[in-house]
Amino acid sequence: SLKQLHFGHCMVSVDMYEMRKGFGDIKEMTQSQDQHTSIRLLHGSHSLQNTKSEDRCCFFHYLLKFYLVNVFNQCTEGNNFHQRRVSRIANNFLSIKKELTLCDTVTTCSCGKEANQRYEQILNQFQRMDSHSAAVKALGELDILLDWIDKT
Amino acid sequence: AEPVASALRCTLPSPRNVHFVSRNLKNVLHWLPPEGIPEDKLIYSVKYLVYGTARWINDAECRNISQTWCDLSHGTSDHKELYHARVKAFLNGSCSSWTESPRFNPLTDTKIDPPAFALSSAEKSISVIVAAPKTWSRNSRNEPNYLHEIYPTLQYNVSVFNTKKKTQWMFCIKSNRLDVFHLESNTVYCVTVQVYIMPLLFSGLSKDCIATLRDSAFKEA
């Protein structure tokens, strides 16, 4: 089921079923590898729907790039099943990012102070952990990001 | 009071398969007893943690209990949070180590019960009225919470099946009432209703049938 997301002037279609199904298949295994339960990267207060609408497009763009650059390519171990699910989700992120990039050039997907601050807090927390544990934690928090997308 | 674990030797085998079972956001923790130990003398204690914090919280209802489940709805009622829970067993001055549950996301990990609905009919129409599904409520005496307050995307998928002609219509409604017109009189229609929230979160089907009334012209002839 394709969900149409409106970020200010940008409109992006997102295959929520495939991403939720893909994540559901790897959720327990991924989250069980995350021993740092006292750390959360994507806080409810930083959610997309709690972000000013004019900043949402840019903040969402940051999050997509964050996952593509720092997370998916770090989580390549695990069995074939796990890898296929991660790459399918990554491909979804890539196509969303392409659509957003088109929109970014055509209209201003402006990056305000709030979007920059929120992204910085996520990145700082991520960088305080060793890279593999951080990537596993971020992957395990995909359901939080998907909830944010669903509510946007 | 709960035996102080540190003073005990924790050599018992641990509880197994600790997991949340959630229906309409009533979140109950379940587990299996440790293997190879007579169950009748075992007692358990449960703690839970809000993911992203470091403090394991005691639940007063879930301390020194002998059953292998405990209702953590109250402690896990903030749906924006995610949770872990853990269980420890005690027996005759000894204890087990903790066994932890997988991470629990109330919003996506709950199961939705099929909705209740009422049917009424006239000569050429039927009306479907769905009872808005309730969730576990913090204070069940006077503040029922409804699923649609928590899930703004909630909708009802309704199917109407003409049992005579074997034809079917599908409707997708946000409100909890549907009136279907231009039907055939004196015909049995079977209706199913499903709660749909998001791709992997929907209820089973509730089903009922009703007959439209006889054609009034037919009655007078």
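As shown above, the structure is provided for reference.
What you see is a predicted model, and the numbers here were worked out from it, not measured in a lab. (Residues numbered from 1 in each chain as written. Chains lettered and ligands numbered in written order. Predicted model: local features only at pLDDT ≥ 70, side-chain atom pairs only at ≥ 80, totals over all residues. Heavy atoms only, no water.)

Enquirer: Tell me about the sheet that holds strand E6 (residues 69-71) of chain B, residues and numbers included.
Expert: All names here are of chain B. Reading across from one edge, E2-E3-E6 is the order of the 3 strands in this open sheet, with antiparallel pairing throughout. The two strands at the open ends of the sheet, each matched to only one other strand, are strand E2 (16-23) and E6. Taking each pair of neighbouring strands and ignoring which way they run, the sheet shows an average axis angle of 20°. Relative to E6, strand E3 (residues 26-32) runs antiparallel, the two sharing 3 bridges. Residue pairing for E6: Leu-29 is matched across the bridge by Cys-70. (Pairing = 2+ DSSP bridges. Helix = DSSP H or I, 4+ residues; strand = E, 2+ residues; numbered from the N terminus. Axes fitted to C-alpha atoms, helices over the stretch in contact; angles between N-to-C directions.)

Enquirer: Requested: an account of the state of the cysteines, with residues and values cited.
Expert: Residue and element names in this part refer to chain B. Here the structure, examined in full by the defined rule, presents 4 disulfides over all chains. A disulfide bridge connects Cys-10 with Cys-95, and the sulfur atoms are separated by 1.9 Å. Measuring handedness by torsion sign, the sulfur bridge of Cys-10 and Cys-95 sits at about -80° and is left-handed. Of this pair, Cys-10 sits in strand E1 (residues 9-12) while Cys-95 is found in strand E8 (residues 94-96), placing the two residues 85 residues apart along the sequence. Judged by its relative accessible area of 0%, Cys-95 falls in the buried class. A sulfur-sulfur distance of 2.0 Å marks the disulfide that ties Cys-190 to Cys-209. One quick way to see it: the torsion about the S-S bond of Cys-190 and Cys-209 is about 100°, and its sign makes the bridge right-handed. Of this pair, Cys-190 sits in strand E17 (residues 188-198) while Cys-209 sits in strand E19 (residues 206-211), and the two are 19 residues apart along the sequence. (Disulfide = S-S within 2.5 Å. Buried < 20%, exposed > 50% of the residue type's maximum accessible area, 1.4 Å probe, protein only.)

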